[in-house]
Amino acid sequence: MEKNDNEIKDSLPKKSLLVLYSYHHQNTEQIAKVFSEVLDAEIKTPQQINPEELQEYDLVGFGSGIYSAKHDESLLELADDLPEVNNKNAFLFSTAGITGESKKTKDHRTLREKLESKGYNIIDEFQCKGFNTNSFLRLFGGMNKGRPNAKDLKNAEKFAVKIT
Ligand SMILES: Cc1cc2nc3c(=O)[nH]c(=O)nc-3n(C[C@H](O)[C@H](O)[C@H](O)COP(=O)(O)O)c2cc1C
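How each quantity is defined
- Residues numbered from 1 in each chain as written.
- Predicted model: local features only at pLDDT ≥ 70, side-chain atom pairs only at ≥ 80, totals over all residues.
- Heavy atoms only, no water.
- Axes fitted to C-alpha atoms, helices over the stretch in contact; angles between N-to-C directions.
- Helix = DSSP H or I, 4+ residues; strand = E, 2+ residues; numbered from the N terminus.
- Left-handed = near helix turned anticlockwise from the far one by under 90°.
- Contact = heavy atoms within 4.5 Å.
- Nonpolar A, V, L, I, M, F, W, Y, C, P; charged D, E, K, R; others polar.
- Polar contact = N/O pair within 3.5 Å; in protein donor to acceptor, adjacent residues only side chain to side chain.
- Salt bridge = Lys/Arg side-chain N within 4 Å of Asp/Glu carboxyl O.
- Pairing = 2+ DSSP bridges.
- Core = buried A, V, L, I, M, F, W, Y, C linked by side-chain atoms within 4.5 Å.
- Buried < 20%, exposed > 50% of the residue type's maximum accessible area, 1.4 Å probe, protein only.
- Right-handed = clockwise from strand over helix to strand, strands pointing away.
- Near = heavy atom within 4 Å.
- Areas by Shrake-Rupley, 256 points an atom, 1.4 Å probe, with all protein chains shown as cover.

Undergrad: Whenever I open this one, the packing of helix H2 (residues 27-39) against helix H5 (residues 150-163) confuses me. Can you help?
TA: When two helices pack together, their arrangement is given by the angle between their axes and by how far apart the axes lie. Between H2 and H5, the shortest axis-to-axis distance is 9 Å and the interhelical angle comes to 40°. Our pair here, H2 against H5, has a crossing hand that is right-handed. In this structure, H2 uses Gln30, Ile31, Val34, Phe35, Val38 and Leu39 to contact H5, whose residues at the interface are Asp152, Leu153, Ala156, Glu157, Phe159, Ala160 and Val161. Here the contact of H2 with H5 is composed, by residue class, of 10 nonpolar, one polar and two charged.

In structure tokens form, the structure reads like this:
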């Protein structure tokens, strides 16, 4: 029996991309590397992205550390520059000093709303703790030393498996 267009599309491997900004302690980069393995996805910085090229992907993950209660400005600016898409799947991720379900929802809000306004369908969101030596915390050896830890990376792996 002949396959229809949707069946052919579903049987092709999904093409995924990760857009990452991670500078403080490369905490979010550790998470992105796990996603990259599971999703077989390339990792690019917002600066390396040509907004039009995102159209080529079935799934795009956007992530950074949380800086002043938001994703990095370079991701927010990229979201502003993206062309409108028709219901394309995306997911958000971050590492932060302080975490939790409602904190994640708040920290991700700015990027989520920008992407949703462009037609992206946010299928899931991941956050875990990251080592933080910002400002005065440096004087006390920082908070969340050793995070992300092995359990965080395992949770990242489970998350990526779940969304594929
Ligand atoms: C300038 C700056 C601002 C930060 N602001 C917040 C914040 O508002 N909320 C929070 O939970 N963590 C905050 N953090 C902690 C970072 O989100 C955390 O260390 C994160 O893991 C850094 O990710 P990265 O190593 O990928 O850059 C801040 C860190 C820096 C350096």
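From this point on, the discussion continues.
Undergrad: Sorry, what's going on with the side chain of Glu125 here?
TA: The topology assignment puts Glu125 in strand S5 (residues 120-129). At a separation of 2.8 Å, a polar atom in the side chain of Glu125 contacts the side chain of Arg112. Leave out the neighbours within four places in its chain, and Glu125 touches Leu92, Lys104, His108, Arg112 and Phe159.

Undergrad: Looking at this model, I keep getting lost on the pattern of salt bridges. Mind explaining?
TA: Opposite charge on two side chains permits them to pair, given that their charged atoms come into close proximity. Applying the stated rule across the entire model yields 10 salt bridges. With a shortest N-O distance of 3.5 Å, Lys33 and Glu29 are connected by a salt bridge. Of this pair, Lys33 and Glu29 both sit in helix H2, four residues apart, which is roughly one turn of the helix.

Undergrad: For this particular structure, what's the right way to read the sheet that holds strand S1 (residues 16-21)?
TA: Working definition: the strands of a sheet are paired by backbone hydrogen bonds and lie parallel or antiparallel to each other. As summarised here, the arrangement of the five strands in space is S2-S1-S3-S4-S5, forming an open sheet in which the pairing is parallel. If you trace the sheet from one side to the other, it starts and ends with strand S2 (42-44) and S5, each paired once. For this sheet, the mean inter-axis angle between neighbouring strands, taken without regard to orientation, is 20°. As paired strands, strand S3 (residues 59-65) and strand S4 (residues 88-96) are joined by seven bridges and run parallel to one another. Paired with Val60 across the two strands is Ala90, which belongs to S4. Across the sheet, H2 is in contact with S1, S2, S3, S4 and S5; its angle to S4 comes to roughly 145°. Strands in contact with H5 are S3, S4 and S5; relative to S5, the strand with the most contacts, it is inclined by about 170°.

Undergrad: Quick question: what am I supposed to make of the nonpolar core here?
TA: Inside soluble globular proteins, nonpolar side chains tend to come together where they are buried. One finds Val19, Leu54, Phe62, Leu82, Leu111, Leu115 and Tyr120 to be the most contacted residues of the largest nonpolar core, which totals 19 residues. Listed by contribution, the elements that provide at least two residues to this core are S1, S3, helix H3 (73-81), S4, helix H4 (101-117) and S5. Looking at which element gives the most residues to this core, the answer is H3, with four residues. Residue contacts for Leu54: discarding those within four places in its chain leaves Leu17, Ile49, Val60, Phe62, Leu82, Lys88 and Tyr120.

Undergrad: Teacher, can you tell me more about the pairing of S5 here?
TA: Look at any regular strand and the pattern is simple: side chains alternate between the two faces of the sheet. Direction of pairing for S4 relative to S5: parallel, over a ladder of nine bridges. By the bridge assignment, Thr95 is partnered in S5 with Cys128. On the question of chirality, the crossover connecting S4 to the parallel S5 by way of H4 is right-handed.

Undergrad: Help me understand the site of the ligand, please; the structure alone is not making it clear to me.
TA: Taken together, 21 residues are adjacent to the ligand, and Ser22, Thr28, Ile66, Tyr67 and Thr95 come closest. Contact between the ligand and Gly97: a nitrogen atom at 3.1 Å from a main-chain N or O atom of the residue. Between the ligand and Ile98, the relevant distance is 3.0 Å, taken from an oxygen atom to a main-chain nitrogen or oxygen of the residue. Computed on the free molecule, the ligand has an accessible area of 650 Å², of which 88% lies beneath the protein chains in the complex. Contributing elements (two or more residues each) for the shell around the ligand: H2 and S4. Its residues assigned to classes, the shell around the ligand comprises seven nonpolar, 13 polar and one charged.

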